[in-house]
Amino acid sequence: MFQSIVMTGLGGQGIITLANLISEYASENGLKVSLFNAKGMAQRGGRVTSEIRLSDDPELDFGARISAGKADILIGMEIGETINSLSFLKEGGAVILLNYAYIPTTMVLKKEPYPSFEQLTELYSGKTKELFAVKEPKHPYNMFLLGVFTAVAPAIDAGLSFYSKQSVEEGIAKKLKRGLEENLQTFNGGYAYGQSLLQHV
Amino acid sequence: MKRSIIGNQAVAYGALAAGVDVASGYPGTPSSEALTELLHFSQNNNPSPYVEWSVNEKVAFEIATGAAWAGKRALVTMKMSGANVAADSILSVAYSGTKGGLVLYIADDPGVEAGMPEQDTRLFAQWAGLPVLEPADPGRVYELTRYAFELSEKCELPVILRSVTSVAHAKQEVEGEYTYKPLGRKPEFEKNIFRYTKAGSAICIAQHEALLDRLAVVERTVRDTGINMMVESGDRNGLFLVAAGALIPYVREALSSWDHQNLSTLFLESVYPLDKELAGKMFEAAETILVLEELEPFVEMQLRSEASRLGWNGSILGKLDGLLPRVGKYSQEVIGRGLKTLASGMAGHSAATSRPVVSSERSDPGNEESAAEQPVAAELSVKHPITFCAGCPHRGTFLAVNRALKKIGLNQDNTVVTGDIGCTILGMNPPFHTCWTEVSMGSSIGLAQGFYWAGIENPVIATIGDSTFFHAGIPPLVNAVQHGANLLVIILDNGWTSMTGFQVNPGTSEQFQAKGARRVDIEGIVRGMGVENLQVIGPFDQEQSIEAIIKALQQEGVKVIISQAECALTVARREKRTLIYQIDSQKCTFCRSCLRETGCPALYVTANGKKSKHGQVMAIDPQACTGCGLCYTCCKFDAIHEQKLGG
């Protein structure tokens, strides 16, 4: 099993925390893991991308960065940035799309149209059938998405079955001390949402 | 033991394992976390090395050099642009060499993920005459940092440890000791003017010769370590693949989907000076060589020059023949293009080849990629311009500049405002559009003088952050005072080096300075230079700030305004908010002045409007608002009000 996961969105959405949880958890399960966070402008509302690569073969050689067309899974946390990340996804790869838009000031002022969630899902459905549209997410989005990811990951690749509800919950409890209850609640909401999505795929 | 760490942290732990005594640096993405980690270690462990964020890279390098000349081990860290700042001393110290291990960690940024030029430090190293190690991944960073100190001492030369963003920020498991092993050396500095001064041509000529001799020692020393690895396929097709540094794991990744048993490889992590013996061995067996390296054709040029010297008449595929780009980070597509050309080029190159060359039957990375490169729906593509954080004091300063200019009949399109490196340059972005230029650390003040002496009629304003002012803004301000340029310099003093991750600088408040360190006062420095027209403002007080700027613009000579308020992010990490602002949806007319003028990311549009004709109103995210009140100064309808936070 060798999976390349790209996450994309904006600073402040908690992408780095989500990427850390997903990769640390894989690492604890004995996988060879690489994580790259491109977060230079995170604090200033800029684009943030995390690249995770997981392999159950400790001898497999791979670099930290994921090239165009090489992502097995793409998790898009903001509509505009997810549109910009289309080329990452390999043909037929799995994609988890979050219905959240942050419209830049200039576009608000000029009343320019911002791409909709429907346009986003349409764009991606041209490239893959394995599409999980998270239309009604709950805050905090990163925890909700962790729930969705945990629910759908084993269906994307059996090698990802170690992401189980109970074990990821334990992982969250170990890593996050602040607002644990709220985070777990949102995670569970995301997990249930992810399971409902699986029934439709 | 194993830990998941990024490449920059691996530099820190490699240096600790090597017993580094002194470490210095100046923050710069993507290099900063190396010294941050060492500083953290030194504040929490005893014994520990001496670690400091220096005022600039040149000073940092000189501190490390002094320690190394006294026989201690020293590390200095910086981004590639920082090497330019330190260049004067680096080139001179290369002539003198070193006694204790002296390692320069410099991080490059192919693909420009952090800003600034795609400068290739390897060319800089060649210019200075210093050896370069280029680790492939965080684990190798740890190993080669340790080794760099040994190499430096053995060859008596500073060693450049060069990494790139993809290695510096990659988090992987690294086997290491994670402890500090001080060597306990007694500092001894030998008085030797022939080695440690440049006084006289005989001395310099001798030092130049010594430098070349030392480089020859480097070549032999590294050869015995196996850092550069050649694996011959045993096939007589003469196909060689050479890959350098950070590209090695990506090349291995690409090869895993190729049938490549008949391909010979040479993986280089010591790229300067070129191991000519190893190259010669390759030329004996090679007919076609593909060189894979990011940015400049550095290894390729050395190989071509050695090939020419040896009279080798095979072919080298790389950048100089136009096959591969000199710009940007290499993707699997680019690597695949190289491999394909190596395979097909060879087929036509030699009729003597009896066996099939590299075959791509299993899968073809090149084709796989092109299928993926379908046109992104360009019409849907959007950009999120980066802006000042909610509560950033710089927002207040640029707002005041724009408002002051407007008040005296000028605007940001007819008044030159030079910008500088760091968060303050975001004044070039919407909605401010205030800054016109960004060149290098401190250059705002020098450029502004040029515009003035060129005869630009409207007043010229230079804007610069506090850390940037300390780093390289002081000499150009001295120059302006001496020559009497008519100029307003605004120092945006938020007390931290924020853009790179909130490092301390000389102006940081006393309470956050390291033990034994003290604060240096910008106001005192500026007064000491003889600047008479000096005002200190608080950027959230718009009336006072606008008045101060107008007053300064009406005065002759050098004027300085220090705009002082702490970085909103460092405040937020430390203190609870006591008040925020909220918008009354009953009063908001959706004129959007607040958003148009401040561009604050805490402002958003919501659909709860009753009075507004659009059915929409502005709102403030209560989680993001810091209570700075700048939006309040924009509202003509009294719709924005304070809200006290309990607790």
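Residues numbered from 1 in each chain as written. Chains lettered and ligands numbered in written order. Predicted model: local features only at pLDDT ≥ 70, side-chain atom pairs only at ≥ 80, totals over all residues.

J.: Whenever I open this one, the overall build of chain A confuses me. Can you help?
T.: On a plain count of helices and strands, chain A comes out with 7 helices and 6 strands. Secondary structure elements of chain A, listed N to C terminal, follow the sequence β-α-β-β-β-α-β-α-α-β-α-α-α. Taken against the 2.2 N^0.38 rule, which gives 17 Å for 201 residues, the C-alpha radius of gyration of chain A at 16 Å falls within 12% of a compact globule. Considering only C-alpha atoms, chain A reaches an extent of 50 × 35 × 35 Å along its principal axes. Expressed as a percentage of the 201 residues in chain A, the buried residues total 53%. If you take every contact in chain A between residues at least 6 apart in sequence, the share linking residues at least 24 apart comes to 66%. (Helix = DSSP H or I, 4+ residues; strand = E, 2+ residues; numbered from the N terminus. Rg over C-alpha atoms; globule rule 2.2 N^0.38 Å. Buried ≥ 20, exposed ≤ 12 C-beta atoms within 10 Å, placed from the backbone. Contact = placed C-beta atoms within 7 Å.)

J.: Explanation requested: the interface of chain B and chain A in the structure shown.
T.: How big an interface is tends to be stated in terms of the accessible area lost upon association of its parts. Contacts between the two partners involve 43 residues from chain B, matched on the other side by 40 residues from chain A. Listing elements by their share of the side of chain B that touches chain A, those giving two or more residues are strand E8 (170-175), helix H10 (248-255), helix H13 (332-349), helix H14 (365-372) and helix H21 (593-598) of chain B. Broken down by class, the residue content of the side of chain B that touches chain A amounts to 20 nonpolar, 12 polar and 11 charged. Direction of pairing for strand E2 (residues 32-38) of chain A relative to E8(B): antiparallel, over a ladder of 3 bridges. Bridge pairing in E8(B) links Leu35(A) to Lys171(B). (Nonpolar A, V, L, I, M, F, W, Y, C, P; charged D, E, K, R; others polar. Pairing = 2+ DSSP bridges.)

J.: Could you clarify how one ought to interpret helix H6 (residues 138-155) of chain B in this entry?
T.: An α-helical segment advances 3.6 residues per turn. Residues three or four places apart therefore align on the same side. Residues and elements named next belong to chain B. For H6, with 18 residues, the first-to-last C-alpha span of 25 Å sits near the 26 Å given by 1.5 Å per residue. Burial analysis of H6 places 13 of its 18 residues in the buried class, the great majority of the element. A positive backbone phi angle near 55 degrees is found at glutamate 156, which sits one or two residues after H6. (Expected span 1.5 Å × (residues − 1).)

J.: When you look at the sheet that holds strand E10 (residues 239-244) of chain B in this model, what are you seeing that I'm missing?
T.: Paired through their backbone hydrogen bonds, the strands of a sheet run either parallel or antiparallel. All names here are of chain B. Strand order in the open sheet formed by 5 strands is E9-E11-E10-E13-E14, with mixed pairing between adjacent strands. Across the chains shown, the open sheet's two edge strands, defined by having one partner strand only, are strand E9 (229-231) and strand E14 (315-317). Within the sheet, the average angular offset between the axes of one strand and its neighbour, ignoring direction, is 15 degrees. Each of E9, E10 and strand E11 (264-268) is contacted by helix H11 (residues 276-285), which is oriented at about 15 degrees to E9, the strand it contacts most. (Axes fitted to C-alpha atoms, helices over the stretch in contact; angles between N-to-C directions.)

J.: Would you take a moment to explain the sheet that holds strand E12 (residues 270-272) of chain B for this structure?
T.: Residue and element names in this part refer to chain B. Spatial ordering of the open sheet is given by E3-E2-E4-E5-E7-E6-E12, a layout of 7 strands whose pairing is mixed. Strands with a single pairing partner mark the edges of an open sheet, and in this sheet they are strand E3 (50-53) and E12. Note: strand E2 (residues 22-25) against E3, 4 bridges, orientation parallel. Its bridge partner being in E3, valine 22 is matched across the sheet by tyrosine 50. Most of the contacts of helix H3 (residues 57-69) go to strand E4 (residues 74-79), to which it runs at about 165 degrees, and overall it touches E2, E4 and strand E5 (102-108). Helix H4 (residues 80-96) rests against E4 and E5 of the sheet, and its axis sits at about 115 degrees to E4.

J.: Before we go on, may I ask you to explain the nonpolar core in this structure?
T.: Burial of nonpolar side chains together is a common tendency in soluble globular proteins. If you look at the biggest cluster of nonpolar residues, it comprises 250 residues, and the most contacted ones within it are Ile96(A), Leu145(A), Val148(A), Ala64(B), Ala74(B), Val242(B) and Val489(B). Looking at this core, the element that brings in the most residues is helix H5 (residues 141-156) of chain A, giving 11 residues. Non-local contacts of Leu145(A), meaning those with residues more than four positions away in its chain, are made with Leu18(A), Ile75(A), Met77(A), Ile96(A), Leu98(A), Val134(A) and Gly190(A). (Core = buried A, V, L, I, M, F, W, Y, C linked by C-beta atoms within 7 Å.)

J.: Looking at this structure, how should I read the packing of helix H1 (residues 15-28) of chain A against H5(A)?
T.: The geometry of a pair of packed helices is captured by two quantities: the angle between their axes and the separation between those axes. All names here are of chain A. Interaxial distance between H1 and H5 falls to 9 Å at its minimum, and their mutual angle equals 35 degrees. Handedness of the H1/H5 crossing: right-handed. Judged by residue contacts, Ile15, Thr17, Leu18, Leu21 and Ile22 of H1 engage Asn142, Leu145, Leu146 and Phe149 from H5. Residues that form the contact of H1 with H5 fall into these classes: 7 nonpolar, 2 polar and no charged. (Left-handed = near helix turned anticlockwise from the far one by under 90°.)

Any functional reading would require information beyond the geometric quantities listed.
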